[in-house]
Amino acid sequence: MYRNRAKEINEILKSGFNWEKLLEETKKHSVLPILQSFLFNDINSVGPNRLKGIKKRREFFLNRNRDLLNETSRVQARFAEENILIVPYKGACLTAQFYKNLSQRIASDLDFAIDLKHYAAVKRIMPQLNYEESKGSWNEDDAKKNRNFYLDYPWNLYHDGKLKYNTEFHWQPSHEVLHTPLAFKQLFHKLQDFNWQGNQIRMFPKIEHALVSMVHHGHVDCWDKLKHFVDLAMIHSKMNAKEKIVLASLAEQNGIGKSYKRGLQIMRFFLSNKAEAIDNKTLNFSKEILKGTLIGNWSESPKKIKYYLQNQDNFKAKVSSFSRIVKFKLRF
């Protein structure tokens, strides 16, 4: 699609284009790496100074993802020593599995899927890897009294006083506070080994990895950034027709059928160079995404609740979702 429109974009860039505004928006929506890949390869009017800066940043993105994959391997291997399965998803692993190269997407965190019963082991093992607990601790007495049960279990690794890695453990791809009937342990029988520079990383196959990523993008983040739609487009580019049907079916089975379909509709609306049919509710949702008003935590962007509820598959799911959110806010 981008290459088909490169001539058109070259014309736009020739006169009075606001590069600073473009940079600001791409950073906000976390799409700077893929944009720079496009500019570097297909756009004529970038100029030598900008190309030099782009090359430097692309090297940074590439090295950061390499570091994240190496850290993923290190942490996973330590847990494997105690026969505890943790499976990375999203982040650098998604980049390695679905993008053309590691410089096209930037990740900040490491996310691991784990069985809830092993949260106590996380508390014991992560300090051995020089990590520190972040946002609460795990109390084994009553899981439901822990913030980490409802959201995630985050840990930080510092180097020279600066945060190097934020590593989060999740027992489900959504949060317990958000209604999605899927726990990671249901998918642990479907794994594959991914070879990375001599290291093996156990990962979800592409259909399951796509499913859990879409649960996160659609439910947890409420499709709040353009990055999510680039991910969706990249995922679809690596799937055949049958795999796309299976993914859609799994989305329906796991409570994100409507959210996934809406994500696809918005992706096509954003990426197409022709008029795409889109209903008014989805159009309003798309406008909020483009404005960046949904970016951030739920507490910082309460408007997310409106669209989150709107994306639920049925009335029962909406009631359950709203009830969970209210109970969580009252408890924590």
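Thresholds applied
Residues numbered from 1 in each chain as written. Predicted model: local features only at pLDDT ≥ 70, side-chain atom pairs only at ≥ 80, totals over all residues. Heavy atoms only, no water. Phe/Tyr/Trp six-rings, centres within 6.5 Å; stacked < 30°, edge-to-face > 60°. Buried < 20%, exposed > 50% of the residue type's maximum accessible area, 1.4 Å probe, protein only. Helix = DSSP H or I, 4+ residues; strand = E, 2+ residues; numbered from the N terminus. Expected span 1.5 Å × (residues − 1). Arc of directions from axis to C-beta. Contact = heavy atoms within 4.5 Å. Polar contact = N/O pair within 3.5 Å; in protein donor to acceptor, adjacent residues only side chain to side chain. Patch = residues over 30% accessible without salt bridge, like charges linked within 9 Å, V, L, I, M, F, W, Y side chains within 5 Å. Areas by Shrake-Rupley, 256 points an atom, 1.4 Å probe, with all protein chains shown as cover. Salt bridge = Lys/Arg side-chain N within 4 Å of Asp/Glu carboxyl O. Lys, Arg positive; Asp, Glu negative; His and termini not counted. Charge placed at Lys NZ, Arg CZ, Asp CG, Glu CD. Pairing = 2+ DSSP bridges. Axes fitted to C-alpha atoms, helices over the stretch in contact; angles between N-to-C directions. Parallel < 35°, antiparallel > 145°, perpendicular 65-115°, else oblique. Nonpolar A, V, L, I, M, F, W, Y, C, P; charged D, E, K, R; others polar. Core = buried A, V, L, I, M, F, W, Y, C linked by side-chain atoms within 4.5 Å.

Looking now at the packing of aromatic side chains. One pass over the structure, following the stated rule, counts 18 aromatic pairs. For the pair F149 and Y150, a centre-to-centre distance of 4.9 Å together with 85 degrees between the ring planes defines the contact as edge-to-face. Y150 matches F149 in its accessibility class, with the two residues each being buried. A network of ring pairs unites the aromatic residues Y89, F184, F188 and F204 as a single cluster.

Right, let's talk about helix α12 (residues 280-291) for a bit. For α12, with 12 residues, the first-to-last C-alpha span of 17 Å sits near the 16 Å given by 1.5 Å per residue. By the burial criterion, the buried members of α12 are T282, F285, S286, E288 and I289. The buried residues of α12 all sit within an arc of 160 degrees when viewed along its axis, so they share a single face. Pointing more than 90 degrees away from the buried face of α12 are the exposed residues N280 and K291. Among the structural elements, α9 (226-237), α11 (257-271) and α13 (303-310) are those in contact with the buried residues of α12. A distance of 3.1 Å separates the backbone nitrogen of K281 from a side-chain oxygen at the start of α12, and that oxygen is part of D279. At the exit of α12 stands G292, carrying a positive phi of roughly 80 degrees.

Taken together, the side chains of K144, K145, K327 and R331 present a region of like positive charge at the surface. Inspection of the secondary structure assignment puts R331 in helix α14 (residues 315-331). Residue classification places R331 among the exposed residues on the basis of a relative accessible area of 51%.

On the surface, F322, V326 and L330 cluster together to form a nonpolar patch covering roughly 310 Å² of accessible area. Along the chain, F322 falls in helix α14. Classification of F322 by relative accessible area gives partly exposed; the value is 46%.

Attention now moves to the side chain of H219. Position of H219 among the secondary structure elements: in helix α8 (residues 206-220). A distance of 3.5 Å separates polar atoms of two side chains, one belonging to H219 and the other to Q312. Among residues more than four places away in sequence, those in contact with H219 are S174, L178, H179, T180, M214, G255, I256, S259, W298, Y308 and Q312.

Okay, the pairing of strand β2 (residues 109-114) next. Of all the six residues making up β2, five are buried; the element is thus mostly covered by neighbouring parts of the structure. Here strand β1 (residues 86-89) runs beside β2; their pairing, made up of four bridges, is antiparallel. Paired with I86 across the bridge in β2 is I114. Summarising the sheet, β2 and strand β5 (residues 162-170) pair through five bridges and their orientation is parallel. Within β5, the residue paired with A113 across the bridge is H170.

Our next topic: unusual backbone geometry. For S30, which is not a glycine, the phi torsion comes out positive at approximately 60 degrees. Turning to its location among the elements, S30 is positioned in the loop between α2 (19-28) and α3 (32-42). A positive phi angle, close to 70 degrees, is found at N130, a residue other than glycine. Secondary-structure assignment places N130 in the loop between α6 (119-125) and β3 (132-133).

A separate point is the packing of α9 against α11. Their axes nearest at 10 Å, the elements α9 and α11 cross at an angle of 95 degrees. On the basis of their axis angle, the class for α9 and α11 is roughly perpendicular. Together, L226, F229, L232, A233 and H236 of α9 and Y260, G263, L264, I266, M267, F270 and L271 of α11 make up the contact between the two elements. For the contact of α9 with α11, a count of residues per class yields 10 nonpolar, two polar and no charged.

What follows is about the environment of I235. Within the secondary structure layout, I235 lies in helix α9. Here I235 falls in the buried class, since its relative accessible area comes to 0%. As a C-alpha pair, I235 and H159 span 76 residues in sequence and 34 Å in three-dimensional space.

With that settled, consider the sheet that holds strand β4 (residues 153-159). If you trace the five strands from one edge of the open sheet to the other, you get β1-β2-β5-β4-β3, paired in mixed fashion. Here the strands that pair on one side only, and so sit at the sheet edges, are β1 and β3. Bridge count for β3 against β4 is two bridges, and the pairing is antiparallel. What sits directly across from E133, in β4, is W155.

This part takes up the nonpolar core. Residues F79, M126, F169 and F204 are the most contacted members of the largest nonpolar core, which totals 84 residues. Among the elements that make up this core, the one with the highest residue count is α8 (seven residues). Leave out the neighbours within four places in its chain, and F79 touches I84, I86, A121, V122, I125, M126 and F169.

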